[in-house]
Amino acid sequence: MEILAPFSEEDQDQDAIIGKKIINRTFLSLSQITALSEQNVEGVQKKLEEFLNFKQLKTSLKEAILLDYYTAGFWWAKEMNFSLIQLSGFMDLLNFLLENLSNKHMTLGDNLKELGKAMAGIGETDSERTGDLNFFSIEQAKAVIDYLNISLFKHYKLYEYLFHSPREELVISNEYVIELAQPAVPPFPALLEEGIPLDINSSFIISLTAAETESKESDQEGYLEEPCPEAESFEAGAVAGVTAEDQKSAVGEIPNEIIGNLEAEINEKLQMQEEAYALRTESLKSPK
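What you see is a predicted model, and the numbers here were worked out from it, not measured in a lab.

The rules behind the values
Residues numbered from 1 in each chain as written. Predicted model: local features only at pLDDT ≥ 70, side-chain atom pairs only at ≥ 80, totals over all residues. Heavy atoms only, no water. Phe/Tyr/Trp six-rings, centres within 6.5 Å; stacked < 30°, edge-to-face > 60°. Helix = DSSP H or I, 4+ residues; strand = E, 2+ residues; numbered from the N terminus. Axes fitted to C-alpha atoms, helices over the stretch in contact; angles between N-to-C directions. Parallel < 35°, antiparallel > 145°, perpendicular 65-115°, else oblique. Left-handed = near helix turned anticlockwise from the far one by under 90°. Contact = heavy atoms within 4.5 Å. Patch = residues over 30% accessible without salt bridge, like charges linked within 9 Å, V, L, I, M, F, W, Y side chains within 5 Å. Areas by Shrake-Rupley, 256 points an atom, 1.4 Å probe, with all protein chains shown as cover. Salt bridge = Lys/Arg side-chain N within 4 Å of Asp/Glu carboxyl O. Buried < 20%, exposed > 50% of the residue type's maximum accessible area, 1.4 Å probe, protein only. Arc of directions from axis to C-beta. Polar contact = N/O pair within 3.5 Å; in protein donor to acceptor, adjacent residues only side chain to side chain. Core = buried A, V, L, I, M, F, W, Y, C linked by side-chain atoms within 4.5 Å.

Q: It is not clear to me how the packing of aromatic side chains should be interpreted in this structure. Could you clarify?
A: Describing an aromatic ring pair means giving the distance of the ring centres and the angle of the ring planes. The tally for this structure, following the rule as stated, stands at 10 aromatic pairs. Their ring planes at 40 degrees and their centres at 5.3 Å tell us that Trp-76 and Phe-90 sit as a pair that is tilted. With Trp-76 in helix 3 (residues 61-79) and Phe-90 in helix 4 (residues 84-102), the pair connects residues that are 14 residues apart, well separated along the chain. Connected via pairs of aromatic rings, a cluster forms that spans Trp-76, Phe-82, Phe-90, Phe-135, Phe-136 and Tyr-147.

Written out as structure tokens, the structure is:
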């Protein structure tokens, strides 16, 4: 991931400060460094997020680590009371070393050599040996090296893994297909919480339900059948030979016969159901 920052023409005067350039571009402009120097830690982090155009901090591990890397580095340099030029040069150095790792795939040893070249001539007045960071004193250069050692070089393998090792995307959701149980309509048995052994279900429940269904269907067929002409003529002749008194007595006897047949049928069905439930209760009580 190459990290670029806007560079305005107003800051081109920095080139005059730097002699032979190992760090060949400005990471942050002087105006941006000035804006950062006026902020607290939270403000520095927000400003860097804006300057570096980080849009996926909540989902990108790389952006979050880079923002922390630059924020911590700038705040350390600010607490060291570096001037604006020194702050700009230090941020250039942080970016330079990180780009050597991410873009050029430099090893730790090669990156240390590049750091030595960038710091060459610090504390010396010979203009021919003046490097990129000649505005630091010897004590400041030692402090910079100590900071880089604990912030970048000590965790060099982790940064290599961040930039050069592919990471698998974690699946955070799964889809399941759920099949619902069939309703308790024959030939399907009842649900598990209402279930009984298969032999009892087949012998009593299904057979009784099937018998009731057949009887209902036969009754419906009887009602739907059209009357036969011969039967109608027979019924007309039979009615013609019956007096009014016979009709009254017959009407009085019909309800008793119907009620008696219904009672017998109901009692028979109740008895069959009681036997089925008794068998079901015994099977549940008996140990398996």
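Q: Looking at this structure, I do not really get the packing of helix 1 (residues 30-37) against helix 2 (residues 41-51). What am I missing?
A: The packing of two helices is summarised by the inter-axis angle and the distance between the axes. Orientation of helix 1 relative to helix 2, taken along the N-to-C sense of each, is 155 degrees, at an axis distance of 9 Å. Relative to helix 2, helix 1 is oriented roughly antiparallel. Pair helix 1 / helix 2 crosses with right-handed handedness. Contact residues: Gln-32, Ala-35 and Leu-36 in helix 1; Val-44, Lys-47, Leu-48 and Phe-51 in helix 2.

Q: Would you mind going over a nonpolar patch on the surface with me for this structure?
A: The grouping of Tyr-176, Ile-178 and Leu-180 at the surface amounts to a nonpolar patch, some 460 Å² of accessible area in total. The topology assignment puts Tyr-176 in the loop between helix 7 (156-164) and helix 8 (198-224). Classification of Tyr-176 as exposed rests on a relative accessible area of 67%.

Q: Can you walk me through helix 5 (residues 108-118) in this structure?
A: Along an α-helix, a turn takes 3.6 residues, which lines up residues three or four apart on a common side. Among the residues of helix 5, Asn-111, Glu-114, Leu-115 and Ala-118 are the ones counted as buried. Along helix 5, the residues classed as buried sweep out an arc of 105 degrees about the axis, all on the same side. In this fold, the buried residues of helix 5 make contact with helix 4, helix 6 (138-151) and helix 7.

Q: Just to check I follow, could you spell out the side chain of Ser-60 for this structure?
A: Locating Ser-60 in the fold gives a position in the loop between helix 2 and helix 3. From its side chain, Ser-60 meets the backbone nitrogen of Glu-63 in a polar contact 3.3 Å long.

Q: I'm lost on the pattern of salt bridges in this one. Help?
A: Side chains that carry opposite charge are capable of pairing whenever their charged atoms lie near each other. Tallying each qualifying case throughout the model produces 3 salt bridges. Glu-114 is the salt-bridge partner of Lys-117, the closest N and O atoms lying 3.6 Å from each other. Placement of the pair is Lys-117 and Glu-114 together in helix 5, with a separation of 3 residues, close to one helical turn. The partly exposed category is assigned to Lys-117, whose relative accessible area is 47%. Here Lys-157 makes a salt bridge to Glu-160, at a shortest N to O gap of 3.8 Å. Of the two residues, Lys-157 and Glu-160 are both situated in helix 7; the distance of 3 residues between them amounts to about one turn of the helix.

Q: Teacher, can you tell me more about the nonpolar core here?
A: In this structure, Tyr-70, Phe-90, Met-91 and Leu-93 are the most contacted members of the largest nonpolar core, which totals 45 residues. Residue assignment for this core shows that the elements contributing at least two residues are helix 1, helix 2, helix 3, helix 4, helix 5, helix 6 and helix 7. The dominant element in this core, judged by the number of residues it contributes, is helix 4, at 9 residues. Ignoring anything within four residues of it in the chain, the contact list for Phe-90 reads Gly-73, Trp-76, Ala-77, Phe-136, Val-144 and Tyr-147.

Q: When you look at the side chain of Asp-92 in this model, what are you seeing that I'm missing?
A: In this fold, Asp-92 is placed in helix 4. A relative accessible area of 7% places Asp-92 in the buried class. Among the polar contacts made by the side chain of Asp-92, one reaches the main-chain amide nitrogen of Phe-27 at a distance of 2.7 Å.

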